[in-house]
Amino acid sequence: QVQLVESGGGLVQPGGSLRLSCAASGSIFRFSAMGWYRQAPGKERELVATISSGGTPNYADSVKGRFTISRDNAKNTVYLQMNSLKPEDTAVYYCSNAPTSYVRRYWGQGTQVTVSS
């Protein structure tokens, strides 16, 4: 059984930084690619960044150069470092595993990020 818990969201001014964490339970984590998603009010959920089980990252164009995804397999945790934040980054941020034939997709409860003056 897999459980994902996000933390680290909050209110920050434009240009500021936040570091999100996603703590995962279950033995699947070390073998799973992980992703961060976000959903703003009135918009569909979108993919922000992914990281392979080996640590290879990929980013949406909208956050490339500003966000960094990383993982610590020893701690069963994936991180999202967000720098140079913009108001359009305001959203609920979720983490999720990549589903396989044997393991369904799990979602965390989400953490709110608000970028505002």
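It should be noted that the structure appears before, not after, this text.
So, a few notes on the structure that sits alongside this text. This structure is a prediction, so every number in the text was calculated from the model and none was measured.

## Examining the sheet that holds strand β3 (residues 18-25)
Here is step 1: Pairing is antiparallel in the open sheet, where 4 strands are placed in the order β1-β3-β8-β7. A single partner strand is all that each edge strand has here, and the edge strands are β1 (3-7) and β7 (67-72). Strand after strand, the sheet turns through a mean of 15° between neighbouring axes, direction not considered.
Here is step 2: Where β1 lies against β3, 5 bridges are found, and the strand directions are antiparallel. Bridge assignment links L4 to a residue of β3, and that residue is A24.

## A closer look at the pattern of salt bridges
Here is step 1: On inspection of all chains with the given rule, the structure shows 4 salt bridges.
Here is step 2: The closest approach of N and O atoms between R38 and D89, which form a salt bridge, is 2.9 Å. Of this pair, R38 sits in strand β4 (residues 34-39) while D89 is found in the loop between β8 (77-82) and β9 (91-97), placing the two residues 51 residues apart along the sequence.
Here is step 3: Residue classification places R38 among the buried positions, given a relative accessible area of 5%.
Here is step 4: Residue D89 is joined to R66 by a salt bridge in which the shortest nitrogen-to-oxygen separation is 2.8 Å. Of this pair, D89 sits in the loop between β8 and β9 while R66 sits in the loop between β6 (57-59) and β7, placing them 23 residues apart in sequence. Here D89 matches R66 in class, with each residue buried.
Here is step 5: Among the charged side chains, a salt-bridge network with shared partners connects R38, E46, R66 and D89.

## Focus: the pairing of β3
Here is step 1: In terms of strand pairing, β3 meets β8 through 6 bridges, oriented antiparallel. Within β8, the residue paired with A23 across the bridge is T77.

## Quick notes on the environment of N83
Here is step 1: Locating N83 in the fold gives a position in the loop between β8 and β9.
Here is step 2: Linking N83 and T56, residues 27 residues apart in sequence, is a C-alpha distance of 20 Å.
Here is step 3: Setting aside its immediate chain neighbours within four residues, N83 contacts G16, S17, R66 and F67.
Here is step 4: Only 2.9 Å separates the side chain of N83 from the side chain of S17, close enough to count as a polar contact.
Here is step 5: Reaching out from N83, the side chain makes a polar contact with the side chain of Q81 at a distance of 3.0 Å.

Reading guide: rules and limits
Residues numbered from 1 in each chain as written. Predicted model: local features only at pLDDT ≥ 70, side-chain atom pairs only at ≥ 80, totals over all residues. Heavy atoms only, no water. Pairing = 2+ DSSP bridges. Helix = DSSP H or I, 4+ residues; strand = E, 2+ residues; numbered from the N terminus. Axes fitted to C-alpha atoms, helices over the stretch in contact; angles between N-to-C directions. Salt bridge = Lys/Arg side-chain N within 4 Å of Asp/Glu carboxyl O. Buried < 20%, exposed > 50% of the residue type's maximum accessible area, 1.4 Å probe, protein only. Contact = heavy atoms within 4.5 Å. Polar contact = N/O pair within 3.5 Å; in protein donor to acceptor, adjacent residues only side chain to side chain.

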